[in-house]
Amino acid sequence: DAGVIQSPRHEVTEMGQEVTLRCKPISGHNSLFWYRQTMMRGLELLIYFNNNVPIDDSGMPEDRFSAKMPNASFSTLKIQPSEPRDSAVYFCASRPGQGIYNEQFFGPGTRLTVL
Amino acid sequence: ILNVEQSPQSLHVQEGDSTNFTCSFPSSNFYALHWYRWETAKSPEALFVMTLNGDEKKKGRISATLNTKEGYSYLYIKGSQPEDSATYLCALLNSGTYKYIFGTGTRLKVLA
């Protein structure tokens, strides 16, 4: 398996533009997580899905952020409109079910810079 | 809210030295504790999953212990090598919410 795939790997955009980050989880994994990593706050959970259903989005910073998982093999995180303070590395991770011993597998991340 | 603290924030050790760092938490209200190794410009990789008080896990020169009664987990590295340089993260899988709560990590630099 290729692991968790994220695209793009790097994104530079201007303030006010829409940004869409993409994630393909590992085949067979039914939990998917979106994280944001910043120097100030470390790794923060934004939202997670179980069986394509959003379970907890309490970490989504504000209405400008939205996430979808239309099927088991694809998820998007959208920021509209983007702001400079959204600059961070965004990680997607997947997990094979909710068993407590199951590990999360992280993608390579998308480094977002909003100018 | 379950708070996860890691210490020290960073440390430098000489090649060959053994070292350890701590993940502490105020409550045992979690399903599992995970340790991750995170190299610069890469993504976190799982090292260990522990659930029970007294758990000990070992992988090569790296081992970890869990003490839920006193609220800490230790990660040990024996005979550190430059390739061990990374940030070591611990995360708790919160009971009820199934959310991971991450510590801010310990940045280890092993000097050759």
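This is a predicted model, so every value here is computed, not measured.

(A) The nonpolar core, seen in detail. Counting 24 residues, the largest nonpolar core has F21, L33, W35, L75, Y88 and L108 of chain B as its most contacted members. Among the elements of the structure, β2 (10-14), β3 (19-24), β4 (30-38), β5 (45-50), β7 (62-67), β8 (72-77), β9 (86-94) and β11 (106-111) of chain B are those that each provide at least two residues to this core. The element contributing the most residues to this core is β9 of chain B, with four residues. Discounting chain neighbours no more than four positions away, the residues touching L33 of chain B are C23, F25, F48, V49, M50, L66, S73, C90, A91 and L92 of chain B. Of all hydrophobic cores here, the second largest spans 21 residues; its members include I47, A67, I79 and L112 of chain A.

(B) Summary view of unusual backbone geometry. Residue and element names in this part refer to chain A. Look at the link from S7 to P8: it is a cis peptide, with omega at -10°. The omega angle of the peptide bond from Q80 to P81 is -5°, so this bond is cis rather than trans. Structurally, P81 is set in the loop between β8 (74-79) and β9 (88-95). One non-glycine residue, N52, adopts positive backbone phi at about 75°. Tracing the sequence through the fold places N52 in the loop between β5 (42-50) and β6 (53-56). Using a relative accessible area of 30% as the deciding quantity, one classes N52 as partly exposed.

(C) Examining the interface of chain A and chain B more closely. Contacts between the two partners involve 19 residues from chain A, matched on the other side by 18 residues from chain B. D56 of chain A is the partner of K99 of chain B in a salt bridge, and the nearest nitrogen-oxygen pair spans 3.4 Å. Linking chain A to chain B there are seven residue pairs in polar contact (both at pLDDT 80 or more). Those elements giving two or more residues to the side of chain A that touches chain B turn out to be β4 (31-38), β5 and β9 of chain A. Of the residues assigned to the side of chain A that touches chain B, the class counts are ten nonpolar, six polar and three charged.

(D) Geometry of the side chain of K99 of chain B. Considering the arrangement of structural elements, one finds K99 of chain B in the loop between β9 and β10 (100-102). A distance of 3.0 Å separates a polar atom in the side chain of K99 of chain B from a polar atom in the side chain of S58 of chain A. Beyond its immediate sequence surroundings of up to four residues, K99 of chain B is in contact with L45, Y48, D56 and S58 of chain A together with L92, L93 and N94 of chain B.

(E) Quick look at the environment of P96 of chain A. Residue and element names in this part refer to chain A. Mapped onto the elements, P96 comes out in the loop between β9 and β10 (105-106). Using a relative accessible area of 33% as the deciding quantity, one classes P96 as partly exposed. When the C-alpha positions of P96 and S73 are compared, they lie 13 Å apart, and in sequence the two are 23 residues distant. Aside from chain neighbours lying at most four places away, what touches P96 is H29, N30, N102 and E103.

(F) Representation of the sheet that holds β8 of chain B. All names here are of chain B. Taken together, the five strands give an open sheet; going across it, the order is β1-β3-β8-β7-β6, and neighbouring strands pair in antiparallel fashion. Each having just a single partner strand, β1 (5-7) and β6 (56-59) make up the two edges of the open sheet. Strand-to-strand, the axes of this sheet are offset by a mean angle of 15°, without reference to chain direction.

Basis of the calculations
- Residues numbered from 1 in each chain as written.
- Chains lettered and ligands numbered in written order.
- Predicted model: local features only at pLDDT ≥ 70, side-chain atom pairs only at ≥ 80, totals over all residues.
- Heavy atoms only, no water.
- Core = buried A, V, L, I, M, F, W, Y, C linked by side-chain atoms within 4.5 Å.
- Buried < 20%, exposed > 50% of the residue type's maximum accessible area, 1.4 Å probe, protein only.
- Helix = DSSP H or I, 4+ residues; strand = E, 2+ residues; numbered from the N terminus.
- Contact = heavy atoms within 4.5 Å.
- Salt bridge = Lys/Arg side-chain N within 4 Å of Asp/Glu carboxyl O.
- Polar contact = N/O pair within 3.5 Å; in protein donor to acceptor, adjacent residues only side chain to side chain.
- Nonpolar A, V, L, I, M, F, W, Y, C, P; charged D, E, K, R; others polar.
- Pairing = 2+ DSSP bridges.
- Axes fitted to C-alpha atoms, helices over the stretch in contact; angles between N-to-C directions.

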